[in-house]
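# Structural overview for review
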Amino acid sequence: MMSAIAVSGLLLTAASAWAQTAVESDVAAFRRLRAEGVAAANANDLAGAARLLAEADTRIPNHPGLMLMRARLAVGAGLPEEAMTQLNRYAGAGLVMNLTGDRALSALTGHPDFDALAAVIAANRAPVGADRLTEVARIDGSLIVESLIRDEARGRWLVSQVRGRTIVALADDGTVMDFLSLGAEPEIGGVLGMAIDAEAGLLWAATSPLPPAVYGLGADAVLPPPELLKIDLKTGVLLGRLAAPSGAVERGLGDIVRAPDGTVHVADSVTGELLVLRPGASVLEVLLPAGTLGSPQGMVVTPDGTALIVADYSSGLWRVDRATGVATRLPQPAIDCLIGVDGLTTDGRYIYGFQNGVAPQRVLKFELDDRWTRIESVEVMAANLPMIDEPTTGLVRNRELVFVSRSQWSDFGGDGAQTTAAPAPAVIARLPLD
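This write-up is about the structure you can find in this document. For every chain, the first residue of the written sequence is number 1, and numbering continues from 1 along that sequence. The predicted nature of this model means local features are confined to residues of pLDDT at least 70 and side-chain atom pairs, given and counted, to a pLDDT of 80 or more, with totals for whole chains, interfaces and linings taken over all residues. The side-chain values count all of the structure's non-hydrogen atoms but skip hydrogen atoms and water molecules.

Moving on, we get to the layout of surface pockets. Buriedness of a pocket was judged along seven lines, with at least five required to meet protein on both sides within 12 Å; pockets are open sets of points on a 1 Å grid over the protein atoms alone, cavities are sets where a 1.4 Å probe fits but cannot get out, and lining residues have an atom within 4 Å of a point. Grid points are joined across faces, edges and corners, and a volume is the space filled by probe spheres set on the points. Of the pockets and cavities examined, the second largest pocket occupies roughly 920 Å³. Under the DSSP-based scheme used, a helix requires at least four consecutive residues in state H or I and a strand at least two consecutive residues in state E, with every element numbered from the N terminus. Where the lining of the second largest pocket is concerned, the elements lending two or more residues are strand E4 (145-151), strand E8 (190-197), strand E12 (253-258), strand E16 (296-301), strand E20 (341-346) and strand E24 (394-397). Top element by residues in the lining of the second largest pocket is E4. It accounts for five residues. Asp, Glu, Lys and Arg are counted as charged, while Ala, Val, Leu, Ile, Met, Phe, Trp, Tyr, Cys and Pro are counted as nonpolar; the rest, among them Gly, fall into the polar class. When its residues are assigned to classes, the lining of the second largest pocket shows 19 nonpolar, 10 polar and seven charged.

See below:
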C-alpha cells in the first residue's frame, strides 16, 4: 500500500523502505533511497531529498513516479529549471499526465517553455495502432481475464480467469465453453499464467489467492494456496497440484514460460522469486531468490535457450541465467520508460510487452542485440486506444500478436471488490506484425 506524504506543500508518495542486504540490489537501493528522500523532504531538507532522489534515479532509470516526484520537489525548492528538466524527461518517454491539474506542477505554467512541454504531452495522447488493432473475441461477466494460450491441436484458445477462478475454452467463433474440471478437488485461487506441453498433452497453470479471487470469503475461510496446476490438455481434468516452496508468508504465482527442454519457469510477483520445475521433477525449486527483482511478471526464453528475459514491474527488463539464476538488468535506451511492463512474448526475433503500469498503457516492441544482452530500441505499437484497458499477456501466432487487451482489472479495487456495476466484456485483440 502506497502512503501519501505532504511535503512542503507538495504531495509525494513513497513505499516503505526496503530492507538492505549485504549486496544491495538496484530495486532495494531505489526503494530505500526514495523512502529516505521523502523523509528528508518531510524534514524540510529539500537539498538532501533532491540528492537522495537523484541517486535513486541512477539505480532504476526513467521511473515515472520518481521523475514527477523530483519535479515537484524542485518546484518546492524554487528550482523551476530543474523541474522542467524532469518533466521533459517524462514527456520524452512518451508519457502523459494532467500538468495544469497538478497542485505543484501547475505553478510552472508561466515558464517560457511550459507550452512546448504541454504540446509534447498532448502529442503523447495521440492514438497509435488504431487502424491495425482488431477484436478477436469478447467474454462477458465479471471474470478478470489474465492470459490466453493456443491449443492448436483442437483449434481453440484457453483463457485463464482470476475472479472466475477457472480456465475456459474459447472457439474461433467466439463460443465460450467450460474447460477446467476440478472434480472433487478443493477450490483453487485465481488462475494466471499458463504454458502448454503439447507433446505430453499437458497444460501448466499458476494460481494465487489474489484479492479479486477470494473477495467475499468469510474471515474464517481457508484461502486456497498458490499452486502450479498440472492439467490434461485434452479433457481439462486436473491431474496434480504442486505447492509453492515453503518459507514465504505470502506468495503470488503468476506468469509461466516453458522452455524447449521442458523446464517450467514460474514468476512469483509477491516475493520476487523465480521458481523452476525441472523435467521429471514434482517439486518447485527457487531459481532466483528474493531480493533482486521487485515484482517479476512475464518471461520469455532467449533464442539460445540459456536465459530468461523477465519483465520486473518495478524496474524494467532483466536477463536471468537459467542454470545459475544470476540476474542482470538489460541496458536500455536512455529515453525509454520500461516500468509497469506485465506480460512478455516473442517471435524469436523481437520481444513484445504489455505495459499497463504507466499512462498511457501501451503495447511495446523490443529489439535486442544479437546475444539478447541489451535493448537496442523500443517501439510503441499501440497506445491510447479504447480497446486497450489493463492489457496483460499474449502470444505470437500467424504473424499476429494476439493478446488480452481488456482484462477487467480496472473494474476491481485493491481489496478485490468490484468497483463498476457491470464490467464491460473482457476483450482478446490482434495486432498484425507485418
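The next point concerns the sheet that holds strand E18 (residues 316-321). A pair of strands is labelled paired if DSSP reports no fewer than 2 bridges between them. Read from one edge to the other, the open sheet built from four strands follows the order E16-E17-E18-E19, with strand pairing classed as antiparallel. Of all strands in the sheet, those bounded by a partner on one side alone are E16 and strand E19 (327-329). The mean angle between the axes of side-by-side strands here comes to 30°, regardless of whether they run parallel or antiparallel. Two elements, strand E17 (residues 307-312) and E18, share six bridges in a ladder whose sense is antiparallel. Residue pairing for E18: Ile309 is matched across the bridge by Arg319. Fitted lines through C-alpha atoms give the axes, limited to the stretch in contact for helices. The angle between two N-to-C directions lies from 0 to 180 degrees.

With that settled, the discussion passes to the packing of aromatic side chains. Aromatic rings from Phe, Tyr and Trp, with only the six-membered ring used for Trp, were paired whenever their centres fell within 6.5 Å, and each pair was classed as stacked if the ring planes differed by under 30 degrees, edge-to-face if by over 60, and tilted otherwise. For the structure on display, the rule yields one aromatic pair. Ring plane angle 25° and centroid distance 5.1 Å describe the contact between Phe354 and Phe403, whose orientation is recorded as stacked. In this pair, Phe354 sits in strand E21 (residues 351-355) while Phe403 sits in strand E25 (residues 400-406), placing the two residues 49 residues apart along the sequence. Residues Phe354 and Phe403 agree in their burial class; the two are buried. Its end group placed over the ring of Trp157, Arg150 keeps NZ or CZ at 4.7 Å from the ring centre. We count a charge as sitting over a ring when the NZ of a lysine or the CZ of an arginine lies within 6 Å of the ring centre and within 35 degrees of the ring normal. Over the aromatic face of Tyr350 sits the side chain of Lys365, whose NZ or CZ is 4.1 Å from the ring centroid. Exposure is judged per residue with a 1.4 Å probe applied to protein chains only, and the accessible area is read against the type maximum: over 50% gives exposed, under 20% gives buried, and values in between give partly exposed.

Once that is clear, we can look at the pairing of E12. Working note: regular strand, side chains alternate between the two faces of the sheet. Across the six residues that make up E12, a large majority, five, are buried. Two elements, E12 and strand E13 (residues 264-268), share four bridges in a ladder whose sense is antiparallel. Across the sheet, the residue bridging to Leu253 is Asp268, located in E13. Here E12 hands over to E13 after five residues, with Gly262 in that stretch at a positive phi of 95°.

The next point concerns the side chain of Gln332. Looking at where Gln332 falls in the secondary structure, it is placed in the loop between E19 and E20. The definition of a polar contact used here is a pair of N or O atoms within 3.5 Å, where within protein one atom must be able to donate a hydrogen and the other to accept one, and adjacent residues in sequence count solely through side-chain atom pairs. A distance of 2.7 Å separates a polar atom in the side chain of Gln332 from the backbone oxygen of Asp336. Apart from the residues within four sequence positions on either side, Gln332 is in contact with Pro61, Asn62, Leu338 and Ile375. By definition in these notes, contact holds between two residues if any of their heavy atoms fall within 4.5 Å.

Let us now look at the sheet that holds strand E14 (residues 274-277). Read across the open sheet, the four strands follow the order E12-E13-E14-E15; overall the sheet is antiparallel. The open sheet terminates on both sides in strands that have one partner only, identified here as E12 and strand E15 (285-288). The sheet shows a mean angle of 35° between the axes of neighbouring strands, taken without regard to direction. Note: E13 against E14, four bridges, orientation antiparallel. If you follow Val266 over to E14, its bridge partner there is Leu275.

Here we take up helix H2 (residues 46-59). For H2, spanning 14 residues, the distance from its first C-alpha to its last is 20 Å, which sits close to the expected 20 Å at 1.5 Å a residue. What H2 keeps buried is the set Leu46, Gly48, Ala49, Leu52, Leu53, Ala56 and Asp57. Tucked inside the fold, the buried residues of H2 contact helix H1 (26-42), helix H3 (64-76) and helix H4 (80-92). The span one expects for a helix is its residue count, reduced by one, times 1.5 Å.

Glancing now at the environment of Thr85. By the element assignment, Thr85 lies in helix H4. Looking at Thr85, the relative accessible area reads 41%, which means it is partly exposed. Along the chain, Thr85 and Thr235 lie 150 residues apart, while their C-alpha atoms are 58 Å from each other.

It is worth spelling out the side chain of Asp336 at this point. Mapped onto the elements of the fold, Asp336 is located in the loop between E19 and E20. For the purpose of charge, His is not counted, nor are the chain termini; Lys and Arg are scored as positive and Asp and Glu as negative. By definition here, a salt bridge exists when the distance from a side-chain nitrogen of Lys or Arg to a carboxyl oxygen of Asp or Glu is within 4 Å. Lacking a salt bridge, the buried Asp336 has Arg362 as its closest oppositely charged neighbour, with an N-O distance of 6.1 Å. Apart from residues no more than four positions distant in its own chain, Asp336 is found in contact with Asn62 and Val378.

Right, let's get into the packing of H4 against helix H5 (residues 114-123). The axes of two packed helices give the description: the angle between them and the distance between them. Running from N to C, H4 and H5 cross one another at 20°; their axes reach a closest spacing of 9 Å. Classified by the angle between their axes, H4 and H5 sit roughly parallel to one another. For H4 against H5, the interelement crossing comes out left-handed. Two secondary-structure elements touch here, H4 through Met84, Leu87, Asn88 and Ala91 and H5 through Phe114, Leu117, Val120 and Ile121. Roughly parallel refers to an angle under 35 degrees, roughly antiparallel to one over 145, roughly perpendicular to one between 65 and 115, and oblique to any angle outside these ranges. Crossing handedness: left-handed means the near helix sits turned counterclockwise from the far one by under a right angle, and right-handed means the same turn made clockwise.

What follows covers the pairing of strand E9 (residues 202-208). When you tally the buried positions in E9, you get seven out of seven residues, the bulk of the element. Looking at chain direction, E8 and E9 are connected through six bridges and run antiparallel. Along E9, the bridge assignment pairs Asp197 with Leu202. Turn length for the E8-E9 hairpin, with the two strands adjacent in sequence and antiparallel, is four residues, and the turn residue Gly201 shows positive phi of about 70°.

In short, shape yes, function no, at least from these values alone.
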